[in-house]
Amino acid sequence: MKIGIVCYPTFGGSGVVATELGKALAKNGHEVHFITYTQPARLDFFNENIFYHEVNIASYPLFQYPPYESALAGKMVDVVKYEELDILHVHYAIPHATSAFLAKQILRCQGINIPVITTLHGTDITIVGKDATLSPVVTFSINESDGVTTVSEDLQKETYNAFKVRKEIEVIPNFVDLERFKKQKKEHFKRIICPNDEKLLVHTSNFRRVKRIDDIIKVFAKLKTSIPSKLLLVGDGPERVAMEQLSRDLGLGEDVRFVGKLDAIEEVLSVADLFLMPSEKESFGLAALEAMACEVPVISTNTGGLPELNVHGVTGFLSNVGDVADMVKNATYILQDENLPKFKANALAHAQEFDISKIVPKYEAYYERILKEQEVVQ
Ligand code: GMT
C-alpha cells in the first residue's frame, strides 16, 4: 500500500505514535509518505520506503495568521496525486482531518478518490474539541472521515458522548517497540543519580498543566520522608518553571532533577523503580506504557484510558485525580523490596500485550477494510 501520514511532528504522544507506525509500515513493505510542517522527531534516517514532504506556507503581510490548513490541504492533494497514494491516515481531528476533507473534495473534482482515516489521540477531543468554536468542525471532520480510530475504549466512549458522531469508531491502542524499550544494563546511571541506592521515581511528559506535575512533587516530598528516594523529571513545557519553584519551596533540593527533553528515554527507564502519571486527563498514556516495557510499575490516576493500561494492584495502582495521599500510600507499598519484583514483572508482562508487532497489523487490517468498503461505494 502507499500510505500518507499526517501528524504533529513533535515529541508529543500522537506524533510518536504516527511516526513509529509509519516506520513499522515501511518495514512491512508499504511505501509511507509523511506530510508535516517539519521533520518528525524519530525520523532522522534513510529508508527506501519512507518519504517526507514538508508543508511550506509563504508568509504574506496580509495574513495575520498563516493559512496552515489550506497549505496542508494543498500539499495533501499534491502528494496523493503524484505519489498515487492509496490511503491518507491523519492523526488529530484539528486541523488534520479538516484539511484532509478539503483535499479529498479537491481530488474528487479531479476524478481521484482518496480514503481518509482519522486517529483521535485525546487532546483533540477531550480539550480542544469541546471548544464551542471548534466543536462543529471536529464533529464534521470526524463524520466525513472514511474511517475513525481512537487510542482507547474510553476515548471512543467520550467521542460518542461529546459529539454527534454517526461513524463507527474502531479502537486501536498505542503500542511500544519492545526491542527498543526494554530494561538495559545502565547501573552506572543509577549510581550517579542514586549514590546511596535510593529508589528512583521517574516522570516524562511535555509539562502541560493536564499532567499535574505538582502532584508528583507533592507525592515525592511525602514519600521521601519514609523511603530514601530520588525523583527524575524528564521533558519540558509550560509548567516547568513553576514546578522547579515548587520543588525549591518544598526544600527538595538535589533530590529532584529536571533533566529536560531526552530522546533515549529508555536508558533512564531502565534504572527507574516507579513511574508517576497523575494526569487530569489521559486518553491512553503512552509514556506509562514505555515505562512498563522497561519493567517499571506505574502510579497513575484512574482517568481516561489509564485503567485500560495500568491494572490496579497488578502493574501499579490507580487513584482519583488529585488524591496525593492515596498515591503516597500505593507508592510506599510498591517500593517495598518484597513487593517491587512482582510489580516489575507484571508491568512488563502487560506491556507485551501492546507490542508493536501486535498492534500495527490492526492498522493494516483496518486500512484494508476501509479500502474494500470504498470499492463497494465506488
Ligand atoms: O500527552 C500529551 O500531552 C501529548 C498528547 C498528544 O496529543 O500528542 O498525547 C495524547 O496522545 C497519546 C498518543 O495516542 C496518548 O498516549 C496520550 O495519552 C494523549 N494525551 C492526553 O490524552 C493528555
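Residues numbered from 1 in each chain as written. Predicted model: local features only at pLDDT ≥ 70, side-chain atom pairs only at ≥ 80, totals over all residues. Heavy atoms only, no water.

**Some remarks on the layout of surface pockets**
Roughly 440 Å³ of internal volume is contained in the second largest pocket. Forming the walls of the second largest pocket are 22 residues, and the residues nearest its centre are E20, A24, K27, D177 and I356. Per element, the largest residue contribution to the lining of the second largest pocket is six residues, and it comes from helix α1 (residues 13–27). The residue makeup of the lining of the second largest pocket, split by class, is eleven nonpolar, two polar and nine charged. (1 Å grid on protein atoms, 1.4 Å probe; cavity = no way out; pocket = protein on both sides within 12 Å on 5 of 7 lines; lining within 4 Å. Points joined across faces, edges and corners; volume = space filled by probe spheres on them. Helix = DSSP H or I, 4+ residues; strand = E, 2+ residues; numbered from the N terminus. Nonpolar A, V, L, I, M, F, W, Y, C, P; charged D, E, K, R; others polar.)

**Some points on the domain arrangement of the protein**
Interface size is commonly expressed as the accessible surface area that is lost when the partners come together. The domain architecture assigned to the protein consists of domain 1 (2–175 + 356–377) and domain 2 (187–354). For domain 1 versus domain 2, the separation of C-alpha centres amounts to 31 Å. Counting residues at the interface gives 22 residues for domain 1, matched by 16 residues for domain 2. For the interface between domain 1 and domain 2, the tally reads one salt bridge. For the interface between domain 1 and domain 2, the tally reads eight residue pairs in polar contact (both at pLDDT 80 or more). Those elements giving two or more residues to the side of domain 1 that touches domain 2 turn out to be α1, α4 (123–126), α6 (153–162) and α15 (356–377). Here the side of domain 1 that touches domain 2 takes four residues from α6, the largest share from any one element. Here the residues of the side of domain 1 that touches domain 2 are counted per class, giving ten nonpolar, seven polar and five charged. (Domains from an automatic or database assignment. Contact = heavy atoms within 4.5 Å. Salt bridge = Lys/Arg side-chain N within 4 Å of Asp/Glu carboxyl O. Polar contact = N/O pair within 3.5 Å; in protein donor to acceptor, adjacent residues only side chain to side chain.)

**Overview of the UniProt feature "domain: Glycosyl transferase family" (unreviewed entry) in the protein**
Those places that UniProt annotates as "domain: Glycosyl transferase family" (unreviewed entry) correspond, in this numbering, to residues 185–342. A distance of 19 Å separates the end C-alpha atoms of residues 185–342, which is 37% helix and 20% strand. (UniProt positions renumbered as here; feature names shortened; annotations may be inferred.)

**Here's the deal with the site of the ligand**
Neighbouring residues of the ligand: 18 residues in total, closest H121, N174, R208, K211 and E282. Backbone polar atom of S14 to an oxygen atom of the ligand: 2.7 Å apart, as the coordinates give it. R208 has a polar side-chain atom sitting 2.7 Å from an oxygen atom of the ligand. Here the ligand, which alone exposes 490 Å², has 94% of that area covered by the protein. Partitioning the shell around the ligand into residue classes produces five nonpolar, nine polar and four charged. Counting residues domain by domain, the shell around the ligand receives three or more from each of domain 1 (2–175 + 356–377) and domain 2 (187–354). (Near = heavy atom within 4 Å. Areas by Shrake-Rupley, 256 points an atom, 1.4 Å probe, with all protein chains shown as cover.)

**Regarding the pattern of salt bridges**
Counted under the stated rule, the structure contains 21 salt bridges. Measuring nitrogen to oxygen at the nearest pair gives 3.3 Å for the salt bridge that ties E158 to K281. With E158 in helix α6 and K281 in the loop between β11 (274–277) and α11 (286–293), this pair connects stretches of sequence that are 123 residues apart. By relative accessible area, which is 13% here, E158 ends up buried. Salt bridges sharing common partners tie together E168, E170, R369 and E373. (Buried < 20%, exposed > 50% of the residue type's maximum accessible area, 1.4 Å probe, protein only.)

**A word on the environment of D215**
Secondary-structure assignment places D215 in helix α8 (residues 213–223). On the accessibility criterion, D215 (1% relative accessible area) is buried. Sequence separation between D215 and L276 is 61 residues, and the spatial gap between their C-alpha atoms is 9.4 Å. Ignoring any residue separated from it by four or fewer positions in sequence, one finds D215 in contact with P278, G322 and V324.

**Some points on helix α13 (residues 324–334)**
Those residues of α13 not exposed but buried are V324, D326, M327, V328, N330, A331 and I334. The elements touched by buried residues of α13 are α8, β11, β12 (298–301), β13 (316–319) and α14 (340–351).

**Re the side chain of S279**
With respect to the helices, strands and loops of the structure, S279 is situated in the loop between β11 and α11. Within the structure, S279 has its side chain in polar contact with the side chain of E282 (distance 2.6 Å). In this view, S279 contacts V210, K211, R212, T301, T303 and V321; residues no more than four positions away in its chain are not counted.

**Some details on the environment of D86**
Mapping D86 onto the fold places it in the loop between α2 (68–82) and β4 (87–91). C-alpha of D86 to C-alpha of T38: the two residues are 48 residues apart in sequence and 23 Å apart in space. With residues up to four places along the chain from it excluded, the contact list for D86 reads M1, K2, I114, P115 and L371.

**A word on the sheet that holds strand β8 (residues 199–205)**
Taking strand neighbours across the sheet as the criterion, the six strands line up as β10-β9-β8-β11-β12-β13 in an open arrangement whose pairing is parallel. Edge positions in the sheet fall to β10 (256–260) and β13, since each of these pairs with one other strand and no more. Recorded for the sheet is a direction-independent mean angle of 20 degrees between the axes of neighbouring strands. Two strands pair when backbone bridges link them, and strand β9 (residues 229–235) and β10 are joined in this way by four bridges, in the parallel orientation. (Pairing = 2+ DSSP bridges. Axes fitted to C-alpha atoms, helices over the stretch in contact; angles between N-to-C directions.)

**Some remarks on the packing of aromatic side chains**
This structure, assessed with the given rule, holds nine aromatic pairs. Between F317 and Y333 the ring centres are 6.0 Å apart and the planes differ by 80 degrees, which places this aromatic pair in the edge-to-face class. Within this pair, whereas F317 is found in strand β13, its partner Y333 is found in helix α13, the two being separated by 16 residues in sequence. In this structure Y333 comes out as partly exposed when scored by relative accessible area, which is 43%. Both rings, one in F317 and one in F343, keep their centres 5.6 Å apart while their planes meet at 45 degrees; by these two values the pair is tilted. Of the two residues, F317 sits in strand β13 while F343 sits in helix α14, which places them 26 residues apart along the sequence. In this structure, F317 and F343 share a single accessibility class: buried. (Phe/Tyr/Trp six-rings, centres within 6.5 Å; stacked < 30°, edge-to-face > 60°.)

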